[in-house]
Amino acid sequence: MDDWRTGTLRDVAAPRGLIGGPFGSSLGGKDYVPAGVPVIRGANLGSQGYFDTAELVFVTPEKARKLSGNQARPGDVVFTQRGTLGQVGIVPGQYESYVISQSQMRLRVDPARADPRFVYYQFRSRAMVDTIRNSAITTGVPHINLGILAALPIVIPPLRDQVAIAEVLGALDEKIAANEATAQTAHDLVAAEFARASAEAIRPGRSGRPQSLGEILDLAYGKALPARLRRPGEVPVFGSGGRVGRHDTALVPGPGVIVGRKGTVGSVHWCAEDFFPIDTTYYVRIKGKNISFAYAYHMLLNLGLDRMNQDSAVPGLNRSHALALPVLLPPAHVIEEFTQRARPLFALRERLAEENATLSELRDYLLPRFLARNITIGEIRRP
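From a predicted model like this one, the values you see are computed outputs, not experimental measurements.

A. Layout of helix 9 (residues 293–301). When you tally the buried positions in helix 9, you get seven out of nine residues, the bulk of the element. For helix 9, the complete set of buried residues consists of A294, Y295, A296, Y297, H298, M299 and L300.

Here is the structure:
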């Protein structure tokens, strides 16, 4: 007998397992303290499907006790109620308890009916995100409420199948997380090498003179490329927030550095291959032979470009002001030594990024097929 069925989130919730955040403005910036009980906000759920603990803020234990009805614990599933609808996260075990913000809702599943990881992955599916957004109340800021959330249709397989599917998808996510940690370590090592190299510029006895950034490099304007005009291809397209798609033709040969001009002002991105920077960005052109793109990338990361907003209405980086910034370069041989040490670490980060893109594609390919029963766990695990 087929024991897969369709139900709603209400069918798998524990008693009083569905709650919303505190009403009104009972929790805000004035309540945050350096350490205490962590608060789950939309920033923790992000857009990549993982829970970002780096974005946690905290309230005092006293404040948390007053919000005891709005708490979460490891294994709970948290949903965004308003703002970027479709965000979801599963609460990690880093802390014993958490408070959810007023823009979040929490699900605690009945362990006899559901695996929280399976529910979490189901809500990450493209189809479910579309369902949530199409179900939103559109008066004011688009939002959903507990009634809408509880009534959303979900697939409810037998618990053993839920666990098996979550384990396969979770293994892919664990590998992605491990790769990201390794990539961050590589980035930190290069940053340490850059700090040592740049310190040579101010070592006693050096006769170097401060230069303007514009004497060393140029910030060239990206080119408009709306999504509707992008053709299928392998060339990464960069906006001020990072990669925003792909195209079949490059504008700039790689490697290269991209700087946010509008939107995410002063952001700095690295690309090892040919790329297309759109019109919300600048891309770097090196002047002379004494500086590498790798050194320029870390130099720009350390110049505080993200604090140079010159337009209060639409955030923007003034090119002339940026190019006038003073910089002091170390001797050419020091930059060359830095570049040689940095090269394999940059290559490692690129390899890990490519592997993660493949793993993410595999996870996102498997998820809807598991839910539709087009692929079974037996087929995945078959030798």
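B. Spotlight on the confidence of the model for the protein. Looking at the protein, the pLDDT average stands at 90 and 93% of residues meet or exceed 70. Mean pLDDT across the secondary structure elements of the protein bottoms out at helix 12 (residues 377–381), with 74, and peaks at strand 17 (residues 276–277), with 98.

C. Spatial organisation of the sheet that holds strand 13 (residues 235–239). Read from one edge of the open sheet, three strands run 14-13-17, paired in mixed fashion. Edge positions in the sheet fall to strand 14 (242–247) and strand 17, since each of these pairs with one other strand and no more. As judged from the two bridges shared by strand 13 and strand 17, these two strands associate in the parallel manner. Across the sheet, V237 pairs through a bridge with F276, a residue of strand 17.

D. Representation of the packing of helix 4 (residues 116–124) against helix 5 (residues 126–134) within the structure. Look at helix 4 against helix 5: their axes get within 5 Å of each other, and the N-to-C directions meet at 70°. When the interaxial angle is binned, helix 4 and helix 5 end up roughly perpendicular. Residue-level inspection shows Q122, F123 and R124 of helix 4 in contact with helix 5, the latter providing R126, M128, V129 and I132. Per-class residue counts for the contact of helix 4 with helix 5 are four nonpolar, one polar and two charged.

E. Representation of the packing of aromatic side chains in the model. Within this structure, the stated rule accounts for 13 aromatic pairs. Ring centres 5.0 Å apart and planes at 55° place the aromatic pair Y120 and Y121 in the tilted group. Residue Y120 is classed as buried on the basis of its relative accessible area of 6%. Exposure remark for Y121: the relative accessible area of 6% places this residue in the buried category. Aromatic rings pair up to connect F51, F58, Y95 and Y98 into one cluster.

F. The arrangement of the side chain of E193 in detail. By the secondary structure assignment, E193 is in helix 7 (residues 159–199). Classification of E193 as buried rests on a relative accessible area of 18%.

G. Structural view of the pattern of salt bridges. For the coordinates displayed, the defined rule picks out 19 salt bridges. Ionic pairing is found between R65 and E62, a salt bridge with its closest N-O pair at 3.6 Å. Taken together, the positions of R65 and E62, both in helix 3 (residues 61–66) and three residues apart, correspond to about one turn of that helix. The closest approach of N and O atoms between D364 and R363, which form a salt bridge, is 3.1 Å. Residue classification places D364 among the partly exposed positions, given a relative accessible area of 44%. What you see here is one network of salt bridges that share partners, running through R124, D173, R363 and D364.

So, how was this worked out
- Residues numbered from 1 in each chain as written.
- Predicted model: local features only at pLDDT ≥ 70, side-chain atom pairs only at ≥ 80, totals over all residues.
- Heavy atoms only, no water.
- Buried < 20%, exposed > 50% of the residue type's maximum accessible area, 1.4 Å probe, protein only.
- Helix = DSSP H or I, 4+ residues; strand = E, 2+ residues; numbered from the N terminus.
- pLDDT = per-residue confidence, 0-100.
- Pairing = 2+ DSSP bridges.
- Axes fitted to C-alpha atoms, helices over the stretch in contact; angles between N-to-C directions.
- Parallel < 35°, antiparallel > 145°, perpendicular 65-115°, else oblique.
- Contact = heavy atoms within 4.5 Å.
- Nonpolar A, V, L, I, M, F, W, Y, C, P; charged D, E, K, R; others polar.
- Phe/Tyr/Trp six-rings, centres within 6.5 Å; stacked < 30°, edge-to-face > 60°.
- Salt bridge = Lys/Arg side-chain N within 4 Å of Asp/Glu carboxyl O.

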